[in-house]
Amino acid sequence: MSNFRWVICGLLFLATTVNYMDRQVLSLTWKDFIAPEFHWTDADYGTITGLFSLFYAIANLFAGKFIDWMGTKKGYLIAIFVWSTGAVLHAGCGWAAMTIEGYDSIEALRMVQAGSDAAVAIATISVWLFLSCRLILAVGEAGNFPAAIKATAEYFPAKDRAFSTSIFNSGASVGALAAPATIPLLARAWGWEMAFIIIGVLGYVWMGLWVWLYDKPRKNKRVNKAELNYIEQDVDIATVQDRDNVKEEKAIPFFKCFGYKQTWAFLVGKFMTDGVWWFFLFWAPAYFSDQYGYTSDSTMGIMLIFTLYFIVTVLSIGGGYLPKYFVEKRGMNPYLGRMRAMLIFACFPVLGLLAQPMGAYSAWWPAILIGLLGAGHQAWSANLFSTIGDMFPKSTIGTIVGLGTMTGGFGSMAINMGSGNFFTWASAQGSAFTFFGFEGKPAAYMVVFCICAVAYLIGWCIMKALVPKYKPIVVE
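Residues numbered from 1 in each chain as written. Predicted model: local features only at pLDDT ≥ 70, side-chain atom pairs only at ≥ 80, totals over all residues. Heavy atoms only, no water.

Moving on, we come to the nonpolar core. The biggest cluster of nonpolar side chains holds 148 residues, and the ones touching the most others in it are Trp-40, Phe-130 and Phe-279. When residues in this core are grouped by element, the largest group, 17 residues, is from helix H1 (residues 4–38). Excluding residues within four positions of it along the chain, Phe-279 makes contact with Ala-284, Ile-415, Asn-416, Ser-419, Phe-423, Tyr-445, Val-448, Phe-449 and Cys-452. (Core = buried A, V, L, I, M, F, W, Y, C linked by side-chain atoms within 4.5 Å. Buried < 20%, exposed > 50% of the residue type's maximum accessible area, 1.4 Å probe, protein only. Helix = DSSP H or I, 4+ residues; strand = E, 2+ residues; numbered from the N terminus. Contact = heavy atoms within 4.5 Å.)

Structural data, given as structure tokens:
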């Protein structure tokens, strides 16, 4: 039997890695490189990350349907072209702000007195310029997960989907792992603009590989008959005379999707938890810089972020094994096995409650504890995505993933925009604002960490109440 399905899984992993590196460039450069030039506050950055999440959410309303309509190959190509172009365009924001405001150099922007009307004007125009680029990035990136989940459903039988999803989904943590080891150094050596350009160009390279290697299993010459039989083992071949004439299931109409509790269970799972991952993705570098004084391009800053995402990467891949054990060794159906595994993974984020208190002893403790929280999220996310393949026909998978990622984007917008404004307010309050023994901005971080810690358990309970038992949707 050939094993070309794992090559496709590898391509999905690479795309997801590039996706998260493009997303991470701003979070690793804003605090120490961009903010001094444009006089940004936490609220400004929170606005950018929050509205990026909103753009991403709205784009996902259409992305899944777009992937189902265009097909996996063309849809993925268009998505990565758009987001790579958006990533590269960020590099022009400094020049554009300088030109619009009438300054002759970036250094002149930096030298403007903080808090002055001129500084506010520079911050405002630069925020809008970055938001324009984030809009393009969000529209393209919205296509990644619907296309990747659809490709996984095409190339893997149900029993292997959680594991294959956990592999390509680990590209998110690998991208987040590679980013702090490369992006701050690129920014320090050649400027933050070059960091956006170099990482953005990686997407164009991936497009060439996708055109060369991808086709549906039945049409791909690299997939032999034995592997095709393995991939299609879930098809009831007893009633099929000619497998080459098997037609794809009828798609569920868009608005009819909202009539199923299975849809709402997935939406709740994404809304409650995606924002947690995005919060740490966007704010972890600033957290270590604010709380411990380790800038993103310092050796210690790089090592802390690298350690955090190294833990996420190593542990999250195992997230696909646990439901496989429940299904194959314990005889559970795929949905029950995934939900059992997800309950276990939902307990990992509770460790986030200790991050801020343990930080009093060493910055390594928050890095380790947030890493464990992130590993729990990635394992949870891989299994949450796989429940779609258990419940919905393949023809509707892209649509459901798009809807779920949209609601996840709304959750991310709420926590990121809210956190940015909350941190700015808490800093101004100082000792007047306290929480669990912390004052000012550290107290605000503690509040957000508490919210993140319980979000998964709440989400799991709601999902279980909506869909207590395995119930796949059959389209007549």
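Now that the structure is up, let's keep going.
Below, the discussion takes up the environment of Gly-337. Along the chain, Gly-337 turns up in helix H14 (residues 334–346). Along the sequence, Gly-337 and Val-327 sit 10 residues apart, while their C-alpha atoms lie 5.7 Å from each other. Apart from the residues lying within four places of it in its own chain, the contact partners of Gly-337 are Pro-323, Phe-326 and Met-332.

Within the structure shown, the criterion is met by 11 salt bridges. Among the ionic pairs, Asp-68 bridges to Lys-150, the shortest N-O distance being 2.9 Å. With a gap of 82 residues between them, Asp-68 in helix H2 (residues 42–70) and Lys-150 in helix H7 (residues 144–155) connect regions that are remote in the sequence. Residue classification places Lys-150 among the buried positions, given a relative accessible area of 7%. Among the charged side chains, a salt-bridge network with shared partners connects Lys-31, Asp-42, Asp-290 and Lys-441. (Salt bridge = Lys/Arg side-chain N within 4 Å of Asp/Glu carboxyl O.)

As a further point, take the packing of aromatic side chains. Applying the stated criterion across every chain yields a total of 51 aromatic pairs. Here the aromatic rings of Tyr-287 and Phe-288 are separated by 5.3 Å at their centres, their planes lie at 65°, and the arrangement is edge-to-face. When sorted by exposure, Tyr-287 lands in the same class as Phe-288, which is buried. Taken together, the ring pairs connect Trp-30, Tyr-45, Phe-279, Phe-280, Trp-283, Tyr-287, Phe-288, Tyr-292, Phe-423, Tyr-445 and Phe-449 into an aromatic cluster. Directly above the ring of Tyr-56 sits Arg-23, whose terminal nitrogen or CZ lies 4.9 Å from the centroid. One Lys or Arg, Arg-134, reaches over the ring of Phe-52 and ends 4.7 Å from the middle of that ring. (Phe/Tyr/Trp six-rings, centres within 6.5 Å; stacked < 30°, edge-to-face > 60°. Lys NZ or Arg CZ within 6 Å of the ring centre and 35° of its normal.)

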